[in-house]
Amino acid sequence: MGCLEEKLRQALQQDARRCLEELLNDPSVHVPGDQTQPGESCHAQRVNAVDSLFGPLTLRRNYYSRGDGTGGRVPLDESLGVVEGCTPGLARLMCRAGALEPFEDASQSLGVYAGLSIQGRRIQRMVQQMGPQFARWTQSQPAPASLPQGTTFYVEADGTGVPVRPEETVGREGKGEDGQARTREIKLGVVFTQEAPQKTAPRAQESKSKGQKDPSESRLERVEGSTRYVTSTGHAQEFGHLLRQLALRQGLSLATRVVFLGDGAAWVWELARVCFPMAKLILDFYHAAEHVGLLTEMLFGQETPLAMTHREAWIKILKDNPEGVDEVIRQAIDALPRAGKKRRGARKALAYFENNRDKMRYWEYQAQGLFFGSGVVEAGCKTVVGQRLKQSGMFWGLPGAHNILDIRCVLENGQFDDFWYRLLPHPNSTVQAA
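Everything numeric here is computed off the predicted structure, so don't read it as measured data.

### A word on the overall build of the chain
For step 1, the next point in the chain: Each helix and strand counted, the chain has 16 helices and ten strands in total.
For step 2, the next point in the chain: Computed over C-alpha atoms, the radius of gyration of the chain comes to 28 Å, more than 25% over the 22 Å expected from 2.2 N^0.38 for 434 residues, which places it beyond the range of a compact globule.
For step 3, the next point in the chain: Across the 434 residues that make up the chain, the buried fraction comes to 45%.
For step 4, the next point in the chain: For the chain, long-range pairs separated by at least 24 residues make up 71% of all intrachain contacts whose partners lie at least 6 apart in sequence.
For step 5, the next point in the chain: Accessible area of the chain: about 23300 Å², with a carbon and sulfur share of 50%.
For step 6, the next point in the chain: Averaging the locations of the 53 positively and 51 negatively charged side chains of the chain gives two centres separated by 4 Å.

### A few points about the sheet that holds strand 7 (residues 228-232)
For step 1, the next point in the chain: Judged by pairing direction, the sheet is mixed, and its five strands sit side by side in the order 7-6-5-8-9 without closing on themselves. Each of the sheet's edge strands pairs with one partner strand only, and the pair in question is strand 7 and strand 9 (280-283). Within the sheet, the average angular offset between the axes of one strand and its neighbour, ignoring direction, is 25°.
For step 2, the next point in the chain: Sheet topology places strand 5 (residues 152-163) next to strand 8 (residues 257-262); five bridges connect them, and they run parallel. Bridge assignment links V155 to a residue of strand 8, and that residue is F260.
For step 3, the next point in the chain: Each of strand 5, strand 6 (183-194) and strand 7 is contacted by helix 7 (residues 236-249), which is oriented at about 160° to strand 7, the strand it contacts most.
For step 4, the next point in the chain: Most of the contacts of helix 14 (residues 375-389) go to strand 5, to which it runs at about 35°, and overall it touches strand 5, strand 6 and strand 7.

### What to know about the nonpolar core
For step 1, the next point in the chain: L243, F260, F276, L318 and Y362 are the most contacted members of the largest nonpolar core, which has 99 residues in total.
For step 2, the next point in the chain: Counting residues per element, this core draws most heavily on helix 15 (residues 398-412), at eight residues.
For step 3, the next point in the chain: Every residue in contact with L243, bar those within four places of it in the chain, is listed here: V155, E156, A157, G189, V190, V191, V230, L271 and F276.
For step 4, the next point in the chain: Core analysis: the next-biggest nonpolar cluster, separate from the first, contains seven residues, V31, L57, L59 and L76 among them.

### Considering the sheet that holds strand 2 (residues 40-52)
Pairing between sheet strands relies on hydrogen bonds along the backbone, with the strands arranged either parallel or antiparallel.
For step 1, the next point in the chain: On the basis of which strands lie adjacent, the open sheet formed by three strands has the order 2-3-4 and antiparallel pairing. With one partner strand each, in any of the chains shown, strand 2 and strand 4 (72-73) form the two edges of the open sheet.
For step 2, the next point in the chain: For strand 3 (residues 55-66) and strand 4, the ladder comprises two bridges, and the chain directions are antiparallel. Bridge pairing links Y64 to R73 in strand 4.

### Details of the environment of E185
For step 1, the next point in the chain: As for its placement among the helices and strands, E185 is situated in strand 6.
For step 2, the next point in the chain: Since its relative accessible area comes to 33%, E185 is described here as partly exposed.
For step 3, the next point in the chain: Separated by 26 residues in sequence, E185 and G159 place their C-alpha atoms 6.0 Å apart.
For step 4, the next point in the chain: Aside from chain neighbours lying at most four places away, what touches E185 is G159, T160, G161, S232 and T233.
For step 5, the next point in the chain: Side-chain polar atoms of E185 contact the side chain of K187, separated by 3.1 Å.

### Comments concerning helix 9 (residues 285-300)
For step 1, the next point in the chain: Taking 1.5 Å of rise per residue, the 16 residues of helix 9 would be expected to cover 22 Å, and the 22 Å separating its terminal C-alpha atoms lies within 8% of that figure.
For step 2, the next point in the chain: Of all the residues in helix 9, the buried ones are F285, H287, A288, A289, V292, G293, L295, T296, L299 and F300.

### Observations concerning the side chain of S374
For step 1, the next point in the chain: In this structure, S374 sits in the loop between helix 13 (362-367) and helix 14.
For step 2, the next point in the chain: For S374, a relative accessible area of 2% corresponds to the buried category.

### Some words on the environment of D15
For step 1, the next point in the chain: Within the secondary structure, D15 is located in helix 1 (residues 2-24).
For step 2, the next point in the chain: Along the primary structure D15 and F54 are separated by 39 residues, whereas in three dimensions their C-alpha atoms are 8.7 Å apart.

### Considering the packing of aromatic side chains
For step 1, the next point in the chain: Across all of its chains, the model carries 19 aromatic pairs by this definition.
For step 2, the next point in the chain: Measuring from ring centre to ring centre gives 5.2 Å for Y154 and F371, while their planes differ by 85°; the resulting arrangement is edge-to-face. Taken together, the residues Y154 in strand 5 and F371 in the loop between helix 13 and helix 14 connect sequence positions 217 residues apart. Pair check on accessibility: Y154 and F371 agree, each one buried.
For step 3, the next point in the chain: A centroid spacing of 5.8 Å and a plane angle of 45° characterise the contact between F260 and F276, whose relative ring orientation is tilted. On the criterion of sequence distance, the pair formed by F260 in strand 8 and F276 in the loop between helix 8 (266-275) and strand 9 is long-range, its members being 16 residues apart. Of the two residues examined, F260 and F276, each falls in the buried class.
For step 4, the next point in the chain: Pairwise contacts between aromatic rings join F134, W137, F416, F419 and W420 into one cluster.
For step 5, the next point in the chain: Stacked on the ring of Y64, the Lys or Arg R73 has its end atom at 4.7 Å from the ring centre.
For step 6, the next point in the chain: Lying across the ring of F192, R222 places its NZ or CZ 5.7 Å from the centre.

### Comments concerning the pairing of strand 7
For step 1, the next point in the chain: Counting buried residues along strand 7, five of its five residues qualify, which places the element largely inside the surrounding structure.
For step 2, the next point in the chain: Here five bridges tie strand 6 to strand 7, and the two strands are oriented antiparallel to one another. Bridging from a neighbouring strand, V191 pairs with R228 of strand 7.

### Brief notes about the pattern of salt bridges
Pairing of side chains with opposite charge becomes possible as their charged atoms draw close.
For step 1, the next point in the chain: Summed over the entire model, instances satisfying the criterion amount to 16 salt bridges.
For step 2, the next point in the chain: Measuring nitrogen to oxygen at the nearest pair gives 2.8 Å for the salt bridge that ties R73 to E40. In this pair, R73 sits in strand 4 while E40 sits in strand 2, placing the two residues 33 residues apart along the sequence.
For step 3, the next point in the chain: Overall, the relative accessible area of 15% leaves R73 in the buried class.
For step 4, the next point in the chain: K280 is the partner of E364 in a salt bridge, and the nearest nitrogen-oxygen pair spans 3.3 Å. Of this pair, E364 sits in helix 13 while K280 sits in strand 9, placing them 84 residues apart in sequence.
For step 5, the next point in the chain: Its relative accessible area of 28% is what places K280 among the partly exposed residues.
For step 6, the next point in the chain: Salt bridges sharing partners connect three or more residues here, namely D326, R357 and R361.

Parameters at a glance
Residues numbered from 1 in each chain as written. Predicted model: local features only at pLDDT ≥ 70, side-chain atom pairs only at ≥ 80, totals over all residues. Heavy atoms only, no water. Helix = DSSP H or I, 4+ residues; strand = E, 2+ residues; numbered from the N terminus. Rg over C-alpha atoms; globule rule 2.2 N^0.38 Å. Buried < 20%, exposed > 50% of the residue type's maximum accessible area, 1.4 Å probe, protein only. Contact = heavy atoms within 4.5 Å. Areas by Shrake-Rupley, 256 points an atom, 1.4 Å probe, with all protein chains shown as cover. Lys, Arg positive; Asp, Glu negative; His and termini not counted. Charge placed at Lys NZ, Arg CZ, Asp CG, Glu CD. Pairing = 2+ DSSP bridges. Axes fitted to C-alpha atoms, helices over the stretch in contact; angles between N-to-C directions. Core = buried A, V, L, I, M, F, W, Y, C linked by side-chain atoms within 4.5 Å. Polar contact = N/O pair within 3.5 Å; in protein donor to acceptor, adjacent residues only side chain to side chain. Expected span 1.5 Å × (residues − 1). Phe/Tyr/Trp six-rings, centres within 6.5 Å; stacked < 30°, edge-to-face > 60°. Lys NZ or Arg CZ within 6 Å of the ring centre and 35° of its normal. Salt bridge = Lys/Arg side-chain N within 4 Å of Asp/Glu carboxyl O.

The values reported here are purely geometric and, on their own, carry no functional implication.
Written out as structure tokens, the structure is:
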């Protein structure tokens, strides 16, 4: 049965290819702009091979060259939306496959799933050609006219290193023994919205007032389809501009309130200060919990029962006590050694909480129904960046990494089909049968 299905698919592809060739080579088909313009020479019926979803097509079309030798145009190719010698349908599959898998794996996938023979290098060239167009299209999207009343707008930012070619790390310090960097940081930003939370029931309000979590409270959810990603290999200032532009396109200025979630890195808070000055800043709770562990190790020893007991207790206080961060700081100060290296280490760990005190009011955030974990951007670092760029044996040039990420962001944003529908020529307005 499998052999029969494969033979039938091949026969259908051959028939479809012949039908498409006959249609596009029909002299009665009207091609917009297929007339000689001033200063042009027409070279009629030039033969060209174009690859399609059904295999290679042989097209006979007019080529118009300019008298000054600066090039020419092919109206049929322009009307069809031919990209790198491929029809839009095939270019779409190549971009998707190349953004999801290594190029040679993508080549094999197209062969298995669609019966197409496309070399991995050609998929790579297609991604290089289309990546900048994905980026420009993304940046041209209009902002929404409105957002529901009470909408909370979230912004998150993080970074992850990817392996790159040696020329991309010249002059950059690394963490290895030789001091040479082998990775470059990809900065990733994400925005999403949350609808106005339902009014808290009296029982839940009473539970909150006692620092307890009511089991009847609903799970926080993002607005479906509101999540958008942006990436950059540039410095924080450049990335901040891209992230702010993304936020504006998604309705930042229309939201009731704005929340910026970060992991505590200095560049993240500086980006928030410059680009999102009106946002409520929240330190990711899971990073805060990690630092509680570091603090208790400094105070009570590594992996000691006393350290583990205090770690568990302080994390609970930090999350569920109305004065959580202040209480943790107070108890940590009481436990400080009187002098010595241990005291200096504990003081340094404690400074993390003192410096971020205003961003660690987790009981308040829960009472307001806000997200206080940066899991969305953490997951994005893995799905948008890591799954494609951090596989074994990969070493990237920054332009190539950019092209992959620009396409992957559109895929993750759920806009891949919109890109192809709106960017490339629509069949109803291009090649039309006479």
